[in-house]
Amino acid sequence: MKPDFDILLQDARDHLPDTSAAELGFETRLRAQIRELSRPPAFLDEFAAWLWRSTLGLIPVLGVLVALFLLSSSLNDIPSQADGLIAYLTHAIPTFSQ
Amino acid sequence: MSTEPTDAELVRQTIAGDEAAFATLAARYRSRAFGTASRFARGRQELEDLTQDIFLKVWKGLKSFRGDAPFEHWFMRIVVRTCYDFLRKNRKRRENEVLAENSTDYLTRQGEVSPEHRQREAFEIVQRLMSQLNEKDRTIITLLELEERSVREIADLTGWSESNVKVRAHRARKKMKSLYETQMLAES
């Protein structure tokens, strides 16, 4: 005969998982973890963290610099004289030849 | 006369930087944390990680312990909330668990196996049934059905309202029962 749901729950409730192996040396591991977390960060760790933060902070600045560079280089291609500008624009207009 | 330091004394000493005091506190409450965590974790590694997480949260949060309620209440709230967070973090993995993972002796050889074996298999079946629930319902069912805590106690531990706990428990239980009966039919 198969057990009904209430009996299943009762049986599951009566099961006490054996945690003794996991509990063995628990405080020692915990203390080691706490010591690790309490340890003041070493100079190199702090420097690496500072470098990383600075690099992240510089990304927008670098983006603006690259945009400015691209803009200025494209502006340099446009001739400054009026005749040259007309010729430049004329070439830019598409023509249809037969 | 007992020379055992009280929980409040150990908390004060820990806050003052006494690591050994915290180890004593951890040893005092370790079995309670392991008992509850073992209902949520699968396997030894998960259990170790979960309990370590619980005690690190306790250690970090000790300064916020005001001492107006017993330490145990405050501690158990952290235990339950960490277990709930653990379920949420591992949601994907648990969703992939198949209900009828393998046919168990529990359904096929009742009466032929030892009570310990039967209870362990029942626990595994309940775990698989609960993997079909969301994390909130699973937390409630674990505390209500496996830990035999009252609705009021669960509401206090989780911070959810009593009516919410009641409604969720009812629906979750119904869903589990239906899944179990479907599985029983499939096995017969």
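Here the residue index of a chain counts from 1 through its sequence in written order. Lettering of chains starts at A and numbering of ligands starts at 1, both following the order in which they are written. It should be noted that, the model being predicted, local features are given only for residues of pLDDT at least 70 and side-chain atom pairs only at 80 or more, the latter also being counted only at that level, while totals for whole chains, interfaces and linings use all residues.

Draft legend 1. Molecular detail of the overall build of chain B. Along its length, chain B carries 10 helices and zero strands. Within chain B, buried positions represent 32% of all 188 residues. Throughout, a pair of residues is in contact if the C-beta atoms placed from their backbones lie within 7 Å. Expressed as a percentage of contacts within chain B between residues at least 6 apart in sequence, the contacts between residues at least 24 apart total 60%. Strands here are runs of E lasting at least two residues and helices are runs of H or I lasting at least four, both read from the DSSP assignment and numbered beginning at the N terminus. Put plainly, a residue is buried at 20 or more neighbouring C-beta atoms within 10 Å of its own, exposed at 12 or fewer, and partly exposed in between, counting only other residues' C-beta atoms, which are placed from the backbone.

Draft legend 2. Here's a closer look at the overall build of chain A. Looking only at helices and strands, chain A has five helices and zero strands in total. Each helix (α) and strand (β) of chain A, taken in turn from the N terminus, gives the series α-α-α-α-α. Relative to its full complement of 98 residues, chain A shows a buried share of 9%.

Draft legend 3. Spatial organisation of the packing of helix α4 (residues 71–89) of chain B against helix α8 (residues 135–146) of chain B. All names here are of chain B. To obtain an axis, a line is fitted to C-alpha atoms, over the contacting stretch when the element is a helix, and the angle between two such axes runs from 0 to 180 degrees between their N-to-C directions. Orientation of α4 relative to α8, taken along the N-to-C sense of each, is 135 degrees, at an axis distance of 9 Å. Between α4 and α8, the crossing angle belongs to the class labelled oblique. Crossing hand, α4 versus α8: right-handed. Each of V80, C83, Y84, L87 and R88 in α4 lies in contact with α8, whose residues at this interface are E135, R138, T139 and L143. Just so you know the grouping, Ala, Val, Leu, Ile, Met, Phe, Trp, Tyr, Cys and Pro go in nonpolar, Asp, Glu, Lys and Arg go in charged, and all remaining residues, Gly too, go in polar. Looking at side-chain class alone, the contact of α4 with α8 contains five nonpolar, one polar and three charged residues. For classification purposes, an angle smaller than 35 degrees is called roughly parallel, one larger than 145 roughly antiparallel, one from 65 to 115 roughly perpendicular, and anything else oblique. Should the near helix be turned counterclockwise from the far one by less than a right angle, the crossing is left-handed, whereas a clockwise turn marks it as right-handed.

Draft legend 4. A look at the domain arrangement of chain B. Residues and elements named next belong to chain B. For the domain bounds, the source is a domain assignment made automatically or taken from a database. Partitioning chain B into domains gives domain 1 (1–89) and domain 2 (97–188). Examining the composition of the side of domain 1 that touches domain 2, we find that seven residues originate from one element, α4, more than from any other. Classifying every residue of the side of domain 1 that touches domain 2 by side-chain character gives six nonpolar, one polar and three charged.

Draft legend 5. Fine view of the environment of D7 of chain B. Residues and elements named next belong to chain B. Inspection of the secondary structure assignment puts D7 in helix α1 (residues 7–15). When the 19 C-beta atoms within 10 Å are taken as the criterion, D7 is described as partly exposed. Measuring from C-alpha to C-alpha, the distance between D7 and T139 comes to 27 Å, with 132 residues separating the pair along the chain. The contacts of D7, once residues within four sequence positions are left out, are L25 and F71.

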